[in-house]
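Letter by letter, the chains look like this.
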Amino acid sequence: MIIGLLVNQNKKRALDVAGQITAILSDGGAEVLSDASCPVPGTTVLDSAEQVISSCDIAVTVGGDGTIIHNAKFAALYNKPLLGVNMGRIGFVANIEPDELDELKKLLTGNYRVERRMLLEITKTHGSDSAAYTAVNEAVIHRDSLSSMVDISVGIGGERIISYRADGMLFATPTGSTAYSFSAGGPVIEPEMRCILLTPVCPHALSSRQVVFGEDAVLTAHVLQSSHNKCYMTVDGQNYVPLSCEDTITVRRSPLELQLIILKEKNFYTLLNEKLKEI
């Protein structure tokens, strides 16, 4: 078995924990890979995280949820299951903590469950040009930090259904319902559900509400011409895409899925309560 190990070296003790993981997996007969941006002693070092994930049977991240999300797109693209070891503050997506590393032996025996998470495909279209992005958590349309509120309309099936005047709005997956959407007042959704969550950010109307759409919905969003300020779109906090009133943002369920390995079963709502107490 080949295990890919992807480490956020900016997290305290992450490299030490990665060394322990390497020892456990190597002793069990696995070959362990790491990438050149954070090479781990005792592993085979490849040039990039993408190369590590494409070459492994299972990917293991050592860091926070951000580390998982950063690598999740590669894991989904190459159809590889991923396990997160939490070194962050909260770690909703990670399955085990640094004091639970013995659980890793289950990877070598196949004694684990795979949880499939829905992703979003976000397409920005400007005339004949388009660019597509994959979201694990959310895509956010937001104002420039120094501008006033923006007016955004949302449609489904070619029909405009709702408009917001707000600091921004976001489209989230069930996984992302405990991320930015939660901070913006959105509902918590069980991560294995299939739906698209629309949440306004600081809306300027008492009637503005979150909306949950079915997984097969194809949604469009436009920044209206009444918004005379700079707007941007960010996807999982990693892309920063300028928007104009001539752009169309299309949101749909991605054909890709994120496979998360569950070594240790934990009740989602119990975990939610425990993690929120740590903030």
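What counts and how
- Residues numbered from 1 in each chain as written.
- Predicted model: local features only at pLDDT ≥ 70, side-chain atom pairs only at ≥ 80, totals over all residues.
- Heavy atoms only, no water.
- Helix = DSSP H or I, 4+ residues; strand = E, 2+ residues; numbered from the N terminus.
- Buried < 20%, exposed > 50% of the residue type's maximum accessible area, 1.4 Å probe, protein only.
- Polar contact = N/O pair within 3.5 Å; in protein donor to acceptor, adjacent residues only side chain to side chain.
- Expected span 1.5 Å × (residues − 1).
- Bend = angle between axes of the 7 residues up to and from the residue.
- Arc of directions from axis to C-beta.
- Contact = heavy atoms within 4.5 Å.
- 1 Å grid on protein atoms, 1.4 Å probe; cavity = no way out; pocket = protein on both sides within 12 Å on 5 of 7 lines; lining within 4 Å.
- Points joined across faces, edges and corners; volume = space filled by probe spheres on them.
- Nonpolar A, V, L, I, M, F, W, Y, C, P; charged D, E, K, R; others polar.
- Core = buried A, V, L, I, M, F, W, Y, C linked by side-chain atoms within 4.5 Å.
- Phe/Tyr/Trp six-rings, centres within 6.5 Å; stacked < 30°, edge-to-face > 60°.

**Q** Teacher, can you tell me more about the side chain of Ser181 here?
**A** Summarising the element assignment, Ser181 is placed in helix 5 (residues 180-183). Take Ser181: its relative accessible area is 0%, and that puts it in the buried class. Reaching out from Ser181, the side chain makes a polar contact with the side chain of Thr199 at a distance of 2.9 Å.

**Q** Quick question: what am I supposed to make of helix 3 (residues 65-77) here?
**A** For helix 3, which comprises 13 residues, the first-to-last C-alpha distance of 18 Å matches the rise-based estimate of 18 Å (1.5 Å per residue) to within 8%. Approximately 40 degrees is the largest bend angle found in helix 3, and it occurs at Asn71. Those residues of helix 3 that fall on the buried side of the exposure criterion are Asp65, Thr67, Ile68, Ile69, Asn71, Ala72, Lys73, Ala75 and Ala76. Phi turns positive one or two residues past the end of helix 3, at Asn79, with a value near 60 degrees.

**Q** Which parts of the structure should I look at to understand helix 1 (residues 14-27)?
**A** Three- or four-residue spacings in an α-helix give side chains the same orientation, since the helix completes a turn every 3.6 residues. Helix length check: helix 1, at 14 residues, gives a terminal C-alpha distance of 20 Å against a target of 20 Å (1.5 Å per residue), a fit within 8%. Buried residues of helix 1: Ala14, Val17, Ala18, Ile21, Thr22, Ile24 and Leu25, and no others. The buried residues of helix 1 occupy an angular sector of 170 degrees when projected down its axis, which confines them to one face. The exposed set on the far side of helix 1, more than 90 degrees from its buried face, consists of Asp16 and Asp27. Close packing links the buried residues of helix 1 with strand 1 (2-7), strand 2 (31-35), strand 4 (58-63), strand 5 (82-86) and helix 4 (105-109). Phi turns positive one or two residues past the end of helix 1, at Gly29, with a value near 100 degrees.

**Q** Where do I start with the layout of surface pockets in this structure?
**A** Gaps left between atoms are located by rolling a probe of water-molecule size over the structure's atoms. Here the largest pocket defines a volume of roughly 450 Å³. Lining the largest pocket are 21 residues, and of these Asp65, Ile90, Phe92, Thr178 and Ala179 sit closest to its centre. Looking at the lining of the largest pocket, the elements that each hand over two or more residues are helix 3 and helix 5. Here the lining of the largest pocket is built from residues that sort into 8 nonpolar, 9 polar and 4 charged. Broken down by secondary-structure element, the contributors of at least two residues to the lining of the second largest pocket are strand 6 (113-126) and helix 6 (268-278). For the lining of the second largest pocket, the element with the highest residue contribution is helix 6, accounting for 4 residues.

**Q** For this particular structure, what's the right way to read the nonpolar core?
**A** As a rule of thumb, nonpolar side chains are buried together in soluble globular proteins. Core analysis: the largest hydrophobic core is formed by 27 residues, its most contacted members being Ile122 and Phe171. Every residue in contact with Phe171, bar those within four places of it in the chain, is listed here: Leu120, Asn137, Glu138, Ala139, Val154, Ile196, Leu197, Leu198, Leu219, Ala221 and Val251. In terms of nonpolar packing, the next biggest core, distinct from the first, is built from 25 residues, Ile21, Val32, Cys38 and Met87 among them.

**Q** Where do I start with the packing of aromatic side chains in this structure?
**A** Between two aromatic rings, the relevant description is the distance of the centres plus the angle of the planes. Going through the model one piece at a time under the given rule, you end up with 2 aromatic pairs. Plain terms: the ring middles of Tyr232 and Tyr240 are 4.5 Å apart, the flat faces sit at 15 degrees to each other, and that makes the pair stacked. With a relative accessible area of 53%, Tyr240 lands in the exposed category. On the basis of an interplanar angle of 70 degrees and a centroid distance of 5.0 Å, the ring pair of Phe268 and Tyr269 is categorised as edge-to-face.

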